[in-house]
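Chain by chain, the residues run as shown.
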Amino acid sequence: MGAGCEARALLPSFACIVVKMPGLARVVGLFVCIAAPLLSQAGSPFVGSDVCRTCHPDVWANFYKNPHYKSIASGKEPAERTGCESCHGPGQAHVQARGGKATIVAFSELAPAKVLDNCLRCHAEKISRANIRRSSHTLSDVVCTNCHSIHKSPVPKFLLGKRQIDLCYGCHNDVRSQFSMPFKHRVNEGFMVCTDCHNPHGAFASTWRMAARPRMVDQAAANEEPCLRCHSEKRGPFLYEHEPVRVDGCETCHYPHGSTNSRLLRRPVVFTMCLECHNGSDSFGRQNSGVLTITATHNLADPRYQNCTTCHVRVHGSNSDPLFLR
Ligand code: HEC
Ligand code: HEC
Ligand code: HEC
Ligand code: HEC
Ligand code: HEC
Ligand code: HEC
Ligand code: HEC
Ligand code: HEC
Ligand code: HEC
Ligand code: HEC
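This one's a predicted model, so the numbers in the text were calculated from it and none came from an experiment. (Residues numbered from 1 in each chain as written. Chains lettered and ligands numbered in written order. Predicted model: local features only at pLDDT ≥ 70, side-chain atom pairs only at ≥ 80, totals over all residues.)

Chemist: A description of the site of ligand 4 should follow, citing residues and the corresponding values.
Modeler: The local shell around ligand 4 holds 17 residues, among which Pro67, Ser86, Cys119, Cys122 and Cys144 are the closest. Listing elements by their share of the shell around ligand 4, those giving two or more residues are α6 (83-88) and α8 (112-123). Considering every element that reaches the shell around ligand 4, the biggest residue donor is α8, with five residues. Looking at the shell around ligand 4 residue by residue, the classes come out as eight nonpolar, five polar and four charged. Formed jointly, the shell around ligand 4 draws a minimum of three residues from each of two domains, domain 1 (3-108) and domain 2 (109-181). (Near = placed C-beta within 6 Å. Helix = DSSP H or I, 4+ residues; strand = E, 2+ residues; numbered from the N terminus. Nonpolar A, V, L, I, M, F, W, Y, C, P; charged D, E, K, R; others polar. Domains from an automatic or database assignment.)

Okay, here's the thing in structure tokens:
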């Protein structure tokens, strides 16, 4: 049975109403009755969102608040991009069968990849989701509906399934303890959120720490680390850069989440961190010699020299001294 037959099957009841109309209204009504199906897609399997209300009143009741309601409100979108059927597909077969999961796009039955395809029909353009197909979330079958809830979002903004922090900790519980350390960014306190630094939809390969996995760390403008959005005084450009800050990234010396060491440092004692690179054994330092542990100027046997940053105060870069002494 073709879809055209279905459309005609609906006609008699409508014609009946039209015939009962008086005068001019009847003429207009008849025109609508005959021409409308021809002008719009004749025999369309789309039935419109109003039809769904009868049997799914709970879903309908809240839908006017949903950003996806705009397609109904505007009335300008084609049927396959309007209202309920923009996501759930044409509803005619479903309505005729009086329900059932097999007759409609039921997300509870869809494989993750299908959910992704469905949503990306409309949501693929934004640059912030350009990497979604190769993000580690997608590669691990974590897709839109694991984080977003179209009909039951308790968070009106972005239709998240839960408050962001509960959402992310729901799967990344180990990270919670990192944000409970003595020195930390105040995410648990609600001062910051994960998405200040991460893009859960995936990120471009970073221009810092190029050998490392991007870890979905979002980029601020101009391919910068997200850290610089807030710590802008570390941005430079400095006349004398300390290479690891720009090339290796902030994470070389700092834990981004939390640390038992002050300043979120990776090592409890600053000089041990400096000496991981400046130990004279590698090609670091001037003349490829690094800083030897015992020289005339730096004698590590003398505790005074162990506090590297008391002299090298501009360790993130300086505009006045190549040795970051001021
Ligand atoms: C933006 C896409 C989208 C639109 C538009 C949409 N839905 Fe859904 N719907 C979903 C997704 C995804 C689910 C799976 C559950 C979830 O993630 O909230 C779902 C689930 C459902 C369910 C299963 C029961 C439930 O509450 O989970 C029903 C019934 C339903 N939708 C009906 C509708 C009706 C009726 C409309 C129009 C008023 C509509 N949907 C509009 C995406 C959509
Ligand atoms: C005549 C009543 C009726 C109408 C009209 C109707 N539905 Fe349903 N629908 C049902 C019933 C009953 C179920 C439950 C099927 C089940 O749970 O096995 C259902 C299930 C669904 C599901 C699957 C929910 C899931 O578990 O994933 C979706 C999606 C859905 N309907 C969307 C729609 C949309 C969109 C429309 C409008 C185009 C619509 N329905 C119109 C009765 C109806
Ligand atoms: C791992 C969780 C997660 C997954 C998977 C996910 N999102 Fe999101 N999404 C979020 C969070 C969190 C935000 C809020 C971002 C913010 O606060 O800045 C968001 C924001 C959004 C926004 C609004 C802001 C914007 O970037 O335009 C849209 C639209 C969106 N997501 C669509 C999708 C679609 C479509 C998919 C699947 C293809 C998807 N999301 C998959 C977590 C997720
Ligand atoms: C037919 C096109 C279409 C489909 C399919 C679609 N969306 Fe949307 N979505 C939109 C439009 C349009 C908006 C509103 C954008 C705006 O407000 O400017 C939107 C908004 C959103 C937002 C942002 C809410 C906010 O507060 O900013 C999220 C999240 C979202 N959609 C998720 C999804 C998910 C998940 C799916 C798949 C289940 C999906 N969308 C399927 C068109 C679509
Ligand atoms: C449904 C479970 C789930 C949710 C919800 C979730 N994630 Fe994930 N996340 C995963 C899985 C699975 C992986 C991949 C395996 C891994 O590396 O641990 C992952 C990986 C990551 C990674 C590491 C990427 C990499 O390349 O190693 C980051 C960062 C991340 N998620 C952040 C977030 C943020 C931020 C949120 C909240 C907006 C979130 N996740 C929500 C399951 C989830
Ligand atoms: C201040 C910025 C920032 C915030 C806020 C942040 N992250 Fe991260 N996160 C990073 C950076 C940078 C990395 C990469 C670290 C590396 O490569 O050594 C990372 C790595 C990760 C990883 C992968 C490595 C690991 O430790 O398993 C996960 C998962 C993760 N973050 C989840 C989260 C979650 C969940 C939240 C929110 C509760 C969050 N992050 C908040 C910056 C941040
Ligand atoms: C959303 C803004 C924001 C972002 C993004 C951000 N930070 Fe922070 N950061 C702060 C604030 C505010 C503090 C002050 C400490 C507090 O919150 O109690 C802080 C503290 C710090 C401290 C400790 C400073 C001290 O005086 O003890 C370090 C180190 C640090 N951040 C490094 C980073 C790194 C590295 C990144 C990127 C991975 C980053 N931050 C991203 C806002 C931010
Ligand atoms: C070579 C190692 C190293 C790198 C790379 C590095 N830092 Fe630091 N950072 C330090 C040290 C060491 C301290 C503590 C300075 C002290 O003892 O006074 C510090 C302190 C800080 C502080 C707190 C004190 C202050 O100066 O405001 C912030 C904030 C900070 N760093 C942010 C960043 C950001 C953002 C980046 C990336 C752009 C970064 N750091 C890269 C070593 C580094
Ligand atoms: C990840 C490796 C790394 C770490 C950790 C590191 N540095 Fe450096 N540092 C470098 C490199 C690379 C240069 C540039 C060397 C060159 O130009 O030959 C440099 C340059 C310097 C210079 C300028 C001298 C010169 O030879 O140009 C000083 C001073 C310096 N670092 C001090 C420190 C201090 C103090 C610390 C600890 C807070 C530290 N560095 C941590 C890699 C590192
Ligand atoms: C008491 C102040 C002081 C302390 C503490 C100190 N430095 Fe220096 N550092 C200097 C001065 C002054 C110079 C320039 C004179 C010179 O080359 O001897 C210098 C030069 C350097 C250079 C350039 C090397 C070269 O061969 O020219 C590096 C790298 C360096 N320091 C790293 C460190 C590290 C790493 C520490 C901690 C273990 C440290 N400094 C502790 C004062 C200090």
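Chemist: Requested: an account of the site of ligand 1, with residues and values cited.
Modeler: Around ligand 1, the surrounding shell holds 18 residues, and the nearest of these are Cys52, Cys84, Cys87, Phe107 and Ile150. When contributions to the shell around ligand 1 are tallied by element, the ones reaching two or more residues are α4 (57-63) and α6. At five residues, α6 tops the list of elements feeding residues into the shell around ligand 1. A breakdown of the residues in the shell around ligand 1 according to their chemical character gives eight nonpolar, nine polar and one charged. Two domains each put at least three residues into the shell around ligand 1: domain 1 (3-108) and domain 2 (109-181).

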